[in-house]
Amino acid sequence: GDIVISSEKVYDCRLISHELIANVLQHSGGSAKLKVDLEREYVLIYVKAERVYCPPLKGECPATSAERGRGLFLVNSLCEGQIFAETDGIVAKIKL
């Protein structure tokens, strides 16, 4: 059957994808590949850098005066989990 994804979860997936791709491109250089899969009640977002790059998997909330650094904190706040594997890159798991 069809899987229905709320507009809120679509927004979350877009934000997570954007933040992970931006982080990979900024810190690893080169290019990134994006892949999205559905697995039961989860959306899996894969972001793989051209070169092996593993971001900190636990983003801390930066100081309110900081100009940067909120991306991974947002990703971690919206995901059920995030893992890294050299073969798949970063995998973010979002519960529908």
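Structural notes, computed from the coordinates. For every chain, the first residue of the written sequence is number 1, and numbering continues from 1 onward in sequence order. Restriction of local features to residues with pLDDT of at least 70 applies here, the model being predicted, together with a cutoff of 80 or more for giving and counting side-chain atom pairs; totals for whole chains, interfaces and linings are based on all residues. Derived side-chain values reflect all non-hydrogen atoms in the structure, with water molecules and hydrogen atoms excluded from consideration.

Time to look at the overall build of the protein chain. Counting secondary structure elements, the protein chain contains 2 helices and 4 strands. Secondary structure elements are taken from DSSP: a helix is a run of H or I of four residues or more, a strand is a run of E of two residues or more, and numbering for both begins at the N terminus. In the protein chain, the succession of α and β elements from N to C terminus is α-β-β-α-β-β. Values of the radius of gyration come from C-alpha atoms, whereas the globule rule sets the reference at 2.2 Å times the count of residues to the power 0.38. Radius of gyration (C-alpha) of the protein chain: 13 Å, near the 12 Å computed for a compact globule of 96 residues. Taken over the C-alpha atoms alone, the protein chain extends approximately 45 × 30 × 15 Å along its principal axes. Exposure is judged per residue with a 1.4 Å probe applied to protein chains only, and the accessible area is read against the type maximum: over 50% gives exposed, under 20% gives buried, and values in between give partly exposed. The buried share among the 96 residues of the protein chain stands at 32%. Of the contacts formed within the protein chain by residues at least 6 apart in sequence, a portion of 54% connects residues at least 24 apart. When the accessible surface of the protein chain is split by element, carbon and sulfur atoms take 52% of a total near 6300 Å². Charge counting follows a simple rule: Lys and Arg are positive, Asp and Glu are negative, and His as well as the terminal groups are ignored. By convention, charge coordinates are those of NZ in Lys, CZ in Arg, CG in Asp, or CD in Glu. Positive and negative side-chain charges of the protein chain, numbering 12 and 13 respectively, have mean locations separated by a distance of 2 Å. Should any heavy atoms of two residues lie within 4.5 Å, those residues are counted as being in contact. The Shrake-Rupley method, run with a 1.4 Å probe sphere, supplies the accessible areas, and residue values consider only the shown protein chains as cover.

To continue, consider a nonpolar patch on the surface. Among the surface-exposed residues, Ile 3, Ile 5, Val 10, Leu 38 and Leu 96 lie close enough to one another that they form a single nonpolar patch of about 380 Å² accessible area. Note on Ile 5: relative accessible area 32%, which makes it partly exposed. A patch is a set of surface residues, each over 30% in relative accessible area and not in a salt bridge, joined within 9 Å for like charges and within 5 Å for the nonpolar side chains Val, Leu, Ile, Met, Phe, Trp and Tyr. Salt bridges, as used here, are contacts in which a Lys or Arg side-chain nitrogen is within 4 Å of a carboxyl oxygen on Asp or Glu.

Here we take up the packing of aromatic side chains. Two aromatic rings from Phe, Tyr or Trp, using only the six-membered ring of Trp, form a pair when their centres are within 6.5 Å; if the ring planes differ by under 30 degrees the pair is stacked, by over 60 it is edge-to-face, and anything between is tilted. Inspection of the entire model under this criterion finds 0 aromatic pairs. Two conditions define a charge sitting above a ring: the NZ of Lys or the CZ of Arg must be within 6 Å of the ring centre, and it must be within 35 degrees of the ring normal. Over the ring of Tyr 46 we find Lys 35, and its NZ or CZ is 4.8 Å from the ring centre. Seen from the ring of Tyr 42, Lys 93 lies directly overhead, with NZ or CZ sitting 4.3 Å from the centre.

Attention shifts here to the nonpolar core. We call a set of buried Ala, Val, Leu, Ile, Met, Phe, Trp, Tyr and Cys residues a nonpolar core when their side-chain atoms join them within 4.5 Å. In this structure, Ile 16, Leu 20, Ile 45, Cys 79, Ala 92 and Ile 94 are the most contacted members of the largest nonpolar core, which totals 14 residues. Breaking this core down by element, the ones donating at least two residues are helix H1 (7-28), strand E2 (42-49), helix H2 (71-78) and strand E4 (89-95). If we skip the residues at most four places from it in the chain, Cys 79 touches Ile 16, Ala 92, Lys 93 and Ile 94.

Here the focus is the pairing of E4. Taken across its 7 residues, E4 has 5 buried, putting it largely inside the fold. Note that E2 and E4 share 6 bridges and pair antiparallel. Within E4, the residue paired with Val 47 across the bridge is Ile 90. When DSSP locates at least two bridges between a pair of strands, those strands are taken to pair. Where strand E3 (residues 81-85) meets E4, 5 bridges bridge the pair, whose relative direction is antiparallel. Bridging from a neighbouring strand, Gly 81 pairs with Lys 93 of E4.

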